[in-house]
Amino acid sequence: MDNRIKELDGLRGIAVMLVIALHLFKRAAYFTEHPVLETFTKFTTVGWVGVDIFFTLSGFLITSILLKSKTDEHYFRNFYIRRALRIFPLYYLAIAFVLLFAPKVETEFTAQLGTALPIMLLYQQNWALLFDGFYITQYLGITWSLAIEEQFYFLWPLIVYKLSREKLIKVSIGYILVSTIARILGTFLWPDVPQASTFFYYTSFARFEEMLFGGLLATFLTYEGSQEKVRRFAFPLFLVSFVIFIALHILSLPGSPHPEHASIPLMLGGYTTAALFTVGLIGMFITHPPQNIFRIIFGNPILTFLGKYSYSMYIFHMTPVLILMDVFWYSELGGWKAYVLYPVTTYVATIMIALLTWHLLEKHMLDLKKYFEYKNS
């Protein structure tokens, strides 16, 4: 994996578009009661899986990097500094922007800013969300997933460094099994199902499972002859897990097909199947020939473009979602026209923000990575 795999950027592009659709169309639905559009809005609920795709992809990429650089003299220093250059600037910029400039920041958030701000600065908001009374403004609510990723990045390098390849696989599989069993038992034994669904959705303990699926693929690919095995099984793994993933959503109806919304089928199998079909896709991108239909779809310029700017799109998209919602709400436009124009303008505004932050900040921060290159990767 010395060369950049453009299809992984395409996968990021799909993931961020799904997440934005989840947050966007449920608000667009306020403009119309048309049954077809309401049905389409219901379909966009599947956008929750965009976060899970990011988790699995992160686990794969980070583990790949760590395994390659394990013998590097500055293994820890380079990893943490490179991660900080990638994540910190935009994250802290987003917090500062919301606090200084965003309109209509909720009083529930500002009233407890003295507590909330340190929690967010230290990437602990996913845990805080499990307690009654803690509130994050809608502008920054999506950062709970960044907190989980940062916690994983903090712990995983030491584990990879200390364990042999074989032990790393055993520990990863053991963790996944424990996490899965805990989620199954919690789903059926927790007296309050909505509370259980919230716990499993936000807790790092449950969501590390998806990152470890990606890490397992990265570790397996270091073995001789593994490429052929991955090539043979990647598509069947994707197909079976994706079909089950869709079936779990159908079983969730007529309720909300979202694992945070007390959907027992998705609480039980949604996270696992999302991670598995993502692993299948990554496996195809790495081992299948360029003419493979999945590589063609995910390698197209539109998706790879979106993938390149996906981090900024993810972290800033709620700003245009919320501001433009007010603009359209107080305009005279309604019905299907508002339902269509509101998402279109929001996506365009989000991409424009991402381009702006890339050229003014991101690319300059990423240029600094050249001073912290891995020597043995």
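Please read all numbers here as calculations on a predicted model, not as lab measurements.

Asker: How should the overall build of the protein chain be read in this particular structure?
Answerer: From N to C terminus, the protein chain includes 18 helices and zero strands. By the compact-globule yardstick of 21 Å for 377 residues, the protein chain fits well, its C-alpha radius of gyration being 21 Å. Seen along its three principal axes, the alpha-carbon backbone of the protein chain occupies a region of about 65 × 45 × 45 Å. Restricting to contacts in the protein chain with at least 6 residues of sequence separation, those with at least 24 account for 81%. As displayed, the protein chain offers around 17,600 Å² of accessible surface, 70% of which is attributable to carbon and sulfur atoms. Charge-centre separation for the protein chain: the mean point of 29 positive side chains lies 8 Å from the mean point of 25 negative side chains.

Asker: Is there a simple way to explain the side chain of Thr56 in this structure?
Answerer: Tracing the backbone through its elements, the reader meets Thr56 in helix H3 (residues 49-68). Under the relative-accessibility criterion, Thr56 is labelled buried at 0%. A polar contact of 3.0 Å, which involves the side chain of Thr56, links it to the backbone oxygen of Asp52. Once residues within four sequence positions are removed from consideration, Thr56 is found in contact with Glu210, Met211, Gly214, Ala275, Thr278 and Val279.

Asker: Sorry if this is basic, but what is going on with H3 here?
Answerer: Given 3.6 residues per helical turn, the α-helix brings residues three or four places apart onto the same face. The end-to-end C-alpha separation of H3 is 29 Å, in line with the 28 Å expected for 20 residues at 1.5 Å each. In terms of residue burial, H3 counts as a mostly covered element, since 18 of its 20 residues are buried.

Asker: Please clarify how the packing of aromatic side chains should be interpreted in this entry.
Answerer: For any pair of aromatic rings, geometry is given as the distance between the ring centres together with the angle between the planes. Within this structure, the stated rule accounts for 42 aromatic pairs. Relative to Tyr153, the ring of Phe79 lies with its centre 6.5 Å away and its plane at 85 degrees, an arrangement referred to as edge-to-face. Here Phe79, found in helix H4 (residues 75-100), pairs with Tyr153, found in helix H8 (residues 144-162); they are 74 residues apart in sequence, far enough to count as distant. An identical accessibility class is assigned to Phe79 and Tyr153; each is buried. Chaining the aromatic ring pairs together yields one cluster made of Trp48, Phe235, Phe238, Phe242, Phe245, Tyr271, Phe277 and Phe294. In this structure, Arg83 packs its charged tip against the face of Tyr153, placed 5.3 Å from the ring centre. In this structure, Arg207 packs its charged tip against the face of Tyr201, placed 5.0 Å from the ring centre.

Asker: In this structure, what is going on with the nonpolar core? I would like to understand it.
Answerer: Burial of nonpolar side chains together is a common tendency in soluble globular proteins. Ranked by internal contacts, the top residues of the largest apolar core, which has 112 residues, are Phe60, Leu281 and Tyr342. For this core, the element with the highest residue contribution is helix H13 (residues 264-287), accounting for twelve residues.

Asker: What's the story with empty space enclosed by the protein in this structure? I'm lost.
Answerer: To find leftover empty space, one rolls a probe the size of a water molecule over the atoms. For the coordinates displayed, the defined rule picks out one cavity of 30 Å³ or more. Surrounding the largest cavity, Leu85, Arg86, Pro89, Leu90, Tyr311, Glu362, Met365 and Leu366 form its lining. The element best represented in the lining of the largest cavity is H4, accounting for four residues. Residue classes in the lining of the largest cavity are distributed as six nonpolar, no polar and two charged.

Asker: Could you clarify how one ought to interpret the side chain of Ser145 in this entry?
Answerer: For Ser145, the location among the structural elements is in helix H8. On the basis of relative accessibility, which here comes to 4%, the residue Ser145 falls in the buried class. A distance of 2.5 Å separates a polar atom in the side chain of Ser145 from a polar atom in the side chain of Tyr314. Discounting residues that sit within four places of it in the chain, Ser145 has contacts with Val51, Phe55 and Tyr314.

Asker: In this structure, what is going on with the pattern of salt bridges? I would like to understand it.
Answerer: Any two side chains of opposite charge can pair, so long as their charged atoms come close to each other. Scanning the model with the defined rule gives eleven salt bridges in all. Notably, a salt bridge pairs Asp9 with Arg12, separated by 2.6 Å at the nearest N-O pair. Here Asp9 pairs with Arg12, and both are found in helix H1 (residues 6-28), just three residues apart, close to one helical turn. For Arg165, the salt bridge identified is with Glu166, shortest N-O distance 4.0 Å. Residue classification places Arg165 among the partly exposed residues on the basis of a relative accessible area of 31%.

Asker: Honestly, helix H10 (residues 193-202) in this entry has me stumped. Any pointers?
Answerer: Taken together, the buried positions of H10 are occupied by Ala196, Ser197, Phe200, Tyr201 and Tyr202. Where H10 is buried, its residues touch helix H7 (125-128), H8, helix H9 (165-189), helix H11 (204-220) and H13. Capping the start of H10, Asp192 holds a side-chain oxygen 3.2 Å from the backbone nitrogen of Gln195, two or three residues further along.

What counts and how
Residues numbered from 1 in each chain as written. Predicted model: local features only at pLDDT ≥ 70, side-chain atom pairs only at ≥ 80, totals over all residues. Heavy atoms only, no water. Helix = DSSP H or I, 4+ residues; strand = E, 2+ residues; numbered from the N terminus. Rg over C-alpha atoms; globule rule 2.2 N^0.38 Å. Contact = heavy atoms within 4.5 Å. Areas by Shrake-Rupley, 256 points an atom, 1.4 Å probe, with all protein chains shown as cover. Lys, Arg positive; Asp, Glu negative; His and termini not counted. Charge placed at Lys NZ, Arg CZ, Asp CG, Glu CD. Buried < 20%, exposed > 50% of the residue type's maximum accessible area, 1.4 Å probe, protein only. Polar contact = N/O pair within 3.5 Å; in protein donor to acceptor, adjacent residues only side chain to side chain. Expected span 1.5 Å × (residues − 1). Phe/Tyr/Trp six-rings, centres within 6.5 Å; stacked < 30°, edge-to-face > 60°. Lys NZ or Arg CZ within 6 Å of the ring centre and 35° of its normal. Core = buried A, V, L, I, M, F, W, Y, C linked by side-chain atoms within 4.5 Å. 1 Å grid on protein atoms, 1.4 Å probe; cavity = no way out; pocket = protein on both sides within 12 Å on 5 of 7 lines; lining within 4 Å. Points joined across faces, edges and corners; volume = space filled by probe spheres on them. Nonpolar A, V, L, I, M, F, W, Y, C, P; charged D, E, K, R; others polar. Salt bridge = Lys/Arg side-chain N within 4 Å of Asp/Glu carboxyl O.

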